[in-house]
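Descriptive structure summary
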Amino acid sequence: MPTSVTCPTCHKIVVWNHHSNFKPFCSERCKLIDLGDWALEKHVVVGEEVLLTEENNEGF
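Description of the structure in this document. (Residues numbered from 1 in each chain as written. Predicted model: local features only at pLDDT ≥ 70, side-chain atom pairs only at ≥ 80, totals over all residues. Heavy atoms only, no water.)

**Observations concerning the pattern of salt bridges**
A side chain of one charge can pair with a side chain of the opposite charge if their charged atoms are brought near each other. Considering all chains together, one arrives at 1 salt bridge under this definition. In this structure, Asp 37 and Lys 42 form a salt bridge, with 3.7 Å as the shortest nitrogen-oxygen distance. Taking relative accessible area as the criterion, Lys 42 reaches 60% and is therefore assigned exposed. (Salt bridge = Lys/Arg side-chain N within 4 Å of Asp/Glu carboxyl O. Buried < 20%, exposed > 50% of the residue type's maximum accessible area, 1.4 Å probe, protein only.)

Structural data, given as C-alpha cells:
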C-alpha cells in the first residue's frame, strides 16, 4: 500500500513514491509558493538568535 501525505500548500493528497517529483508538494507551483513564503519570512525556524561578529562571520 503506497504511503500518502498532504501537500503543505494546497492540502491535496500526494502519493509518496519515486514518481512524485515534488514531494511533499503536489506540483512545482505549490513548491514555489512555499519557497516564496520562506523568502518573505512567513515561515521561520525557531531558535536562538545568532549575532554575527568578525570571528564567526567567515564563510557567509
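**Let's talk about the state of the cysteines**
Per the counting criterion, the structure on display carries 0 disulfides. Left unpaired, Cys 7 is separated from the closest cysteine sulfur, that of Cys 30, by 3.8 Å. Here Cys 10 is not cross-linked by a disulfide; its sulfur's nearest cysteine counterpart is in Cys 26, at 3.5 Å. (Disulfide = S-S within 2.5 Å.)

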